[in-house]
Amino acid sequence: MSKKAPFVIKETEYCPECGAGLIIRNGSHGPFYACSGYPSCNYLRPLKAQGDGHIVKELDGQTCPRCGFTLVLRQGRYGMFIGCSHYPECEHTELIDKPDETSINCPQCQQGKLFQRKSRFGKVFHSCSRYPDCQFALNNKPVLGECKFCRYPLLIEKRTSQGVKLFCASKLCSKQQFNEIEKENE
């Protein structure tokens, strides 16, 4: 059973390899041009030219530290970033939102610091600055402190129905930490 094209090109373009007409197909990464002579001809072309981030704005007064040309604001696959205007000759890129560094040492390797980062889906998490050597990561906000039960050197802040509570960051313990005031109330 053959697949039908979701819509047809009004102005007929022709395949540069075999001369058959091009049709628009839909794929997992969006629509694209494909040769109507498929499977004998495998010609494909993106519907719109997608570079490694199109230029949104030129940043006047800011120069690339590698080559000296101006920096530009680009929209890429994972959001906005700053890059050199002479890409692909110069591949310098910078993040717009630099990760927030906490003053908390990584409890696993004891050498790195915990950084706030964003996943590709936009969720905030904290991980060691020595990644990939140290793969320690937390989904909750880290708090400097020691667990009263297992003496683990890090606590995490969790939002519960009773408000914000502190818990041990160790996956083996994960017990809630009580203040002296909270013990008197119970």
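Not measured: the values here are computed from a predicted model.

Asker: Go over the packing of aromatic side chains with me, naming the residues and quoting the values.
Answerer: Scanning the model with the defined rule gives 0 aromatic pairs in all. In this arrangement the basic side chain of Lys158 is found over the ring face of Phe167, its NZ or CZ atom lying 5.0 Å from the centre. Sitting over the face of the ring of Phe149, Lys175 holds its NZ or CZ atom 5.0 Å from the ring centroid.

Asker: With reference to specific residues and values, describe the nonpolar core.
Answerer: The biggest cluster of nonpolar side chains holds 12 residues, and these are Ile104, Cys106, Cys109, Leu114, Cys128, Cys134, Phe136, Leu138, Leu154, Ile156, Phe167 and Ala169. In terms of domain composition, this core takes at least three residues from each of domain 3 (99–139) and domain 4 (141–179). Residue contacts for Leu138: discarding those within four places in its chain leaves Phe125, His126, Leu154, Ile156 and Ala169.

Asker: Give a description of the pairing of strand S5 (residues 70–76) that names residues and reports values.
Answerer: With respect to burial, S5 is a largely interior element, 5 of its 7 residues being buried. In the sheet, strand S4 (residues 54–63) pairs with S5 via 6 bridges, with the strands oriented antiparallel. Across the sheet, the residue bridging to Leu59 is Leu71, located in S5. If you look at the hairpin formed by S4 and S5, you'll find 6 residues sitting between the two strands, and Gly68 has a positive phi there, around 90 degrees. Here S5 runs beside strand S6 (residues 79–84); their pairing, made up of 6 bridges, is antiparallel. Paired with Leu71 across the two strands is Cys84, which belongs to S6.

Asker: Tell me about the sheet that holds strand S3 (residues 44–46), and please be specific about residues and values.
Answerer: An order of S1-S2-S3 is seen for the 3 strands of this open sheet, with the pairing classed as antiparallel. In this open sheet, the two strands that pair with only one neighbour each are strand S1 (22–27) and S3. The sheet shows a mean angle of 35 degrees between the axes of neighbouring strands, direction not considered. Taken together, the 3 bridges between strand S2 (residues 30–35) and S3 define a ladder with antiparallel strand orientation. Residue pairing for S3: Tyr33 is matched across the bridge by Arg45.

Cut-offs and rules
- Here the residue index of a chain counts from 1 through its sequence in written order.
- This being a predicted model, a pLDDT of at least 70 is required before a residue's local features are given, and a value of 80 or more before pairs of side-chain atoms are given or counted; all residues contribute to the totals for chains, interfaces and linings.
- Calculated side-chain values reflect all of the structure's heavy atoms, with hydrogen atoms and water omitted.
- Only Phe, Tyr and Trp rings take part, Trp by its six-membered ring, and two of them pair if their centres are within 6.5 Å. Stacked means planes under 30 degrees apart, edge-to-face means over 60, and tilted covers everything else.
- Here, over-ring charges are defined by two tests on the NZ atom of lysine or the CZ atom of arginine: distance to the ring centre within 6 Å, and angle to the ring normal within 35 degrees.
- The nonpolar core is taken to be a set of buried Ala, Val, Leu, Ile, Met, Phe, Trp, Tyr and Cys residues, with the residues joined through side-chain atoms within 4.5 Å.
- Think of it in three bands: with a 1.4 Å probe and only protein chains considered, a residue is buried below 20% of the maximum accessible area for its type, exposed above 50%, and partly exposed in between.
- Residue ranges for the domains trace back to a domain assignment, done automatically or taken from a database.
- Any pair of residues with heavy atoms lying within 4.5 Å of one another is described as a contacting pair.
- Secondary structure elements are defined from DSSP: runs of H or I of at least 4 residues count as helices, runs of E of at least 2 residues count as strands, and each element is numbered from the N terminus.
- Pairing between two strands requires that DSSP report at least two bridges joining them.
- Where helices are involved, their axes are fitted lines through C-alpha atoms of the stretch in contact, as for all axes, and angles between N-to-C directions lie from 0 to 180°.

Everything listed is a geometric property; what it means functionally is a separate question.
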